[in-house]
Amino acid sequence: MNELISAIINKKKNFIENDGRLLKKSFLGLLILSLAFQTGEFGAVVRQAMIDAYLQVSVFVGFTLIVFIGLDTLTNFNIKIFLSKTKIIHVPIASLLGAIPGCGGAIIVVTQYIQGRISFGALVAVLTSTMGDAAFLILALEPSTGLLIFLIGIIVGSISGYIVDLIHGTNFLQLNSEIKDGLVSIKKTFVSKFNYFWLVLFIPGFVLGIITAFQIEFSLSIYNNFIVIIGSAGAILSIFMWSLNPLSDFQCSTDKSRGFISRVIDTTNFVTTWVICGFLVFEIFMYLTDIDLKLFFDLWLPLVPLIAIFFGFLPGCGPQIVVATFYLNGFIPLSAEIGNAISNDGDALFPAIALAPKAAVLATIYSAIPAIIVAYGYFIFLE
């Protein structure tokens, strides 16, 4: 009887959480789409930002996800068995998993920590090295910079983790729990019905994205109209599908019980929505004000890395994608992006806060120390 009551309570709790998440996502999606359908110059600015975000970023993010999620789907790697045989090198393993683009590797490590299989130092290492879904954005547009940040994250995360274990010991804040993440497994969602239409837009969008990246221009009006149609439709469909998806953003890419295509599309839609938000922040700000954003950041340049590091404290990947967009558009220096990449914990922070709040908060604070040292070291000596 108690088990039945507990199951009903958990089901109701999951329903409330999913319903609240859907409401927030739907509101954001409706807000973006309402801005896009405004008339006049303002609406034109918003629509152009959405087209640029889709063709210049989203299609490449989708291609990158096809590669990484494809590899993840094809492998049957058992992390539990592997960790039990490699206790001495848990910290660098955690750093390596955290550096994998997306939040899947970091969430795996957080789950293992919650179940008492790895040390607190390994938790600090993974939260230090992970960059979350913002990694896909950097990797798609500046692969060499992305690889540099991954390498820095692995090295800094490993060093930080070993130092923490050396100071506190491997049993510090050790948990011994078999708590599950409580996420409901959904193989197909309502938005999965639109996967075919998504692919129909993605394929020509990717081709147009490559043409745009190589700065190939055609003076044909039909070509320009095709860019507008594909870019607009792709952006709108991505926002629509994301806002009505009942799954959490990190569950979209990490749940291996779901189909490969659905994982790619759902994760791309999430990144696309936040990339569009980042683009709109720039364009609307520039439209409504006369402030030179580049000049503004240049005037406050010594504080920019610190601000980016503070942004990294915000849970989730959305704010970090916005910071990455600032960097890619040349508004903030690489040192600020490196600081943010080290300090941010991506979606992995959500399960950590829910199930081990004290350890999550302390690990986040610890990750700020190497973020400040590395970011300002790069700022002073290399910029």
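This text follows the structure it describes.
For the structure given in this document, a descriptive report is provided here. (Residues numbered from 1 in each chain as written. Predicted model: local features only at pLDDT ≥ 70, side-chain atom pairs only at ≥ 80, totals over all residues. Heavy atoms only, no water.)

### Quick word on the overall build of the protein
Turning to step 1, where the next piece is worked out: Regarding its fold elements, the protein presents 18 helices and 0 strands.
Turning to step 2, where the next piece is worked out: Each of the 383 residues in the protein was classed as buried or not, and the buried ones make up 51%.
Turning to step 3, where the next piece is worked out: Restricting the contact set of the protein to residue pairs at least 6 apart, pairs at least 24 apart contribute 83%. (Helix = DSSP H or I, 4+ residues; strand = E, 2+ residues; numbered from the N terminus. Buried < 20%, exposed > 50% of the residue type's maximum accessible area, 1.4 Å probe, protein only. Contact = heavy atoms within 4.5 Å.)

### Points about the packing of helix α4 (residues 90-99) against helix α8 (residues 143-168)
Turning to step 1, where the next piece is worked out: Contact geometry of α4 with α8 gives a least axis separation of 8 Å together with a crossing angle of 145°. Considering the relative orientation of α4 and α8, their crossing is right-handed. Of α8, the residues touching α4 (which contributes Val 91, Pro 92, Ser 95, Leu 96 and Ala 99) are Phe 150, Ile 154, Gly 157, Ser 158, Gly 161, Tyr 162 and Asp 165.
Turning to step 2, where the next piece is worked out: Among the residues forming the contact of α4 with α8, the class breakdown is 7 nonpolar, 4 polar and 1 charged. (Axes fitted to C-alpha atoms, helices over the stretch in contact; angles between N-to-C directions. Left-handed = near helix turned anticlockwise from the far one by under 90°. Nonpolar A, V, L, I, M, F, W, Y, C, P; charged D, E, K, R; others polar.)

### A few points about the side chain of Ser 95
Turning to step 1, where the next piece is worked out: Mapping Ser 95 onto the fold places it in helix α4.
Turning to step 2, where the next piece is worked out: What Ser 95 contacts, discounting residues up to four positions off in sequence, is Ala 125, Ser 129, Ile 154, Gly 157 and Ser 158.

### What about the environment of Gln 38?
Turning to step 1, where the next piece is worked out: Summarising the element assignment, Gln 38 is placed in the loop between α1 (2-36) and α2 (40-74).
Turning to step 2, where the next piece is worked out: Ignoring any residue separated from it by four or fewer positions in sequence, one finds Gln 38 in contact with Gly 43 and Arg 47.

### Quick word on helix α15 (residues 318-328)
Turning to step 1, where the next piece is worked out: Buried residues dominate α15, accounting for 10 of its 11 residues.
Turning to step 2, where the next piece is worked out: Considered for burial, the residues of α15 that qualify are Gly 318, Pro 319, Gln 320, Ile 321, Val 322, Val 323, Ala 324, Thr 325, Phe 326 and Tyr 327.
Turning to step 3, where the next piece is worked out: Looking at the residues trailing α15, positive phi occurs at Gly 330, about 80°.

### Observations concerning a nonpolar patch on the surface
Turning to step 1, where the next piece is worked out: There is a patch of nonpolar side chains on the surface, built from Ile 291, Leu 295, Phe 296, Leu 299, Trp 300, Leu 303, Ile 307, Phe 311 and Leu 314 and spanning about 860 Å² of accessible area.
Turning to step 2, where the next piece is worked out: Looking at the nonpolar patch, the elements with two or more residues in it are α13 (293-299) and α14 (304-311).
Turning to step 3, where the next piece is worked out: If one sorts the elements of the nonpolar patch by residue count, α13 sits on top with 3 residues. (Patch = residues over 30% accessible without salt bridge, like charges linked within 9 Å, V, L, I, M, F, W, Y side chains within 5 Å. Areas by Shrake-Rupley, 256 points an atom, 1.4 Å probe, with all protein chains shown as cover. Salt bridge = Lys/Arg side-chain N within 4 Å of Asp/Glu carboxyl O.)

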